[in-house]
Amino acid sequence: MLRVCYLYPDLLNLCGNWGNMAALLKRCAWRRIDVDIIAVKLGESVDFESMDIVYLGTGDEQERCLIFEDLAPRKQNLQRAVERGMVMLAVGSGIPLLGMYRITEEEHKVPGLGLVNLHTRMTSDYLVGNCVISMRLAGREVKVVGFENHNEHTYLGRDLSPLGKVLYGHGNNGEDGMEGFCYKNVFGSNLGAVLPKNPMLTDVLLGAALRNKGRSVKFPVLDDTLEERAVQIMVKRLLT
């Protein structure tokens, strides 16, 4: 059984972020992988070291401040889980929560949890539109598509790898050609509901979680024809 922790589903569910959880759960159901969903709200206890996958979605500024206050006392527990290889996906405003700090439009420096070496800067410049990135999944280069809508620009530390290279769109900041980040089994992306459109990426997260439990990752083959065709159409439309 996979234990999947959905952090603050009542507060962090903008931009169709529930789709990421839905994609994880559906691909588990199709493969008859049992899943226990642990939805955690403000003030509720959670042991991250007992979780296989943690999902952190996106929300507005007020909600994010409340969530930081709730997560800060749990930082050590979350950090130990991350360092031991727990799988985590953070999207949108979930990214700066994990970073070192963020800078507001008023130039205030607000601390993050400090789990990954990045910082963000809020600007009046919204990065909006379709995005295509190239990344290495399952030993080969693949194209991942999604939609971005954010005005918080992300800057990675030198020791932090991007999720992928931007082929079309803006990515982290519209400057360096990088999108998202990877640290151990922690993945971050600005592409909102990224998993439903990209089943191979979903399977990478599930495979990592199963490996942590000593389970086989030779998944039964699923028919991803429609999803793959949709990606091909978007890639062709945007890159040609």
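Definitions and cut-offs
Residues numbered from 1 in each chain as written. Predicted model: local features only at pLDDT ≥ 70, side-chain atom pairs only at ≥ 80, totals over all residues. Heavy atoms only, no water. Buried < 20%, exposed > 50% of the residue type's maximum accessible area, 1.4 Å probe, protein only. Helix = DSSP H or I, 4+ residues; strand = E, 2+ residues; numbered from the N terminus. Pairing = 2+ DSSP bridges. Contact = heavy atoms within 4.5 Å. 1 Å grid on protein atoms, 1.4 Å probe; cavity = no way out; pocket = protein on both sides within 12 Å on 5 of 7 lines; lining within 4 Å. Points joined across faces, edges and corners; volume = space filled by probe spheres on them. Nonpolar A, V, L, I, M, F, W, Y, C, P; charged D, E, K, R; others polar. Arc of directions from axis to C-beta. Polar contact = N/O pair within 3.5 Å; in protein donor to acceptor, adjacent residues only side chain to side chain. Axes fitted to C-alpha atoms, helices over the stretch in contact; angles between N-to-C directions.

Caption draft 1: Structural detail: the pairing of strand 12 (residues 186-189). Residues V186 and G188 point to one face of strand 12 and F187 and S189 to the other, with burial holding for every one of them. In the sheet, strand 4 (residues 87-91) pairs with strand 12 via 4 bridges, with the strands oriented parallel. Bridge pairing in strand 12 places A90 opposite G188. The pairing of strand 11 (residues 181-183) with strand 12 spans 3 bridges and is classified as antiparallel. If you follow F181 over to strand 12, its bridge partner there is G188. The turn joining strand 11 and strand 12, which pair antiparallel and follow one another in sequence, is formed by 2 residues; a positive phi near 50 degrees is taken by K184.

Caption draft 2: Structural context of the side chain of R102. As for its placement among the helices and strands, R102 is situated in strand 5 (residues 101-103). Here R102 is in contact with E61, R64, C65, P96, H108, K109, V110, T120 and E152, once residues within four sequence places are set aside.

Caption draft 3: How the structure looks around the layout of surface pockets. In this model, the largest pocket occupies a volume close to 600 Å³. Around the largest pocket sit 28 residues that line it, and R140, V142, P199, M200 and E228 are the ones nearest its centre. Taken together, the elements giving at least two residues each to the lining of the largest pocket come down to strand 8 (140-156), helix 5 (199-212) and helix 6 (225-239). If you tally residues by element for the lining of the largest pocket, the top one is helix 5, at 7 residues. Of the residues assigned to the lining of the largest pocket, the class counts are 14 nonpolar, 3 polar and 11 charged.

Caption draft 4: Quick peek at the environment of V132. With respect to the helices and strands, V132 occurs in strand 7 (residues 118-137). Judged by relative accessible area, V132 falls into the buried class, the value being 0%. When neighbours within four sequence positions are excluded, V132 is seen to be in contact with K143, V144, V145, K165, V166, L167, Y168, V235, L238 and L239.

Caption draft 5: Geometry of the environment of R27. Along the chain, R27 falls in helix 1 (residues 18-30). On a C-alpha basis, the gap between R27 and G129 in space is 27 Å, while along the polypeptide they are 102 residues apart. Look past the residues within four positions of R27 in its chain and what remains in contact with it is P199, T202, D203, L206, L222 and D224.

Caption draft 6: Highlighting helix 2 (residues 61-71). Buried residues of helix 2: E63, R64, I67, D70 and L71, and no others. Mapping the buried residues of helix 2 onto a view down its axis gives an arc of 120 degrees, with all of them on the same face. Opposite its buried face, helix 2 presents the exposed residues Q62 and E69, each directed more than 90 degrees away. Considering only its buried residues, helix 2 is in contact with helix 3 (75-83), helix 4 (94-98), strand 5, strand 7 and strand 8. For helix 2, the side-chain oxygen to backbone nitrogen distance between the N-cap and E63 is 3.0 Å, and the N-cap itself is D60.

Caption draft 7: How the structure looks around the sheet that holds strand 11. Read from one edge of the open sheet, 6 strands run 2-1-3-4-12-11, paired in mixed fashion. For this open sheet the edge positions go to strand 2 (35-40) and strand 11, each flanked by a neighbour on one side alone. Within this sheet the neighbouring strands show an average axis-to-axis angle of 15 degrees, counted without direction.

Caption draft 8: Here's a closer look at the pairing of strand 4. Where burial is concerned, most of strand 4 is hidden: 5 out of the 5 residues are buried. Side chains of strand 4 alternate between two faces, with V87, L89 and V91 and M88 and A90 buried alike. Summarising the sheet, strand 3 (residues 53-56) and strand 4 pair through 4 bridges and their orientation is parallel. By the bridge assignment for strand 4, I53 is matched with V87.

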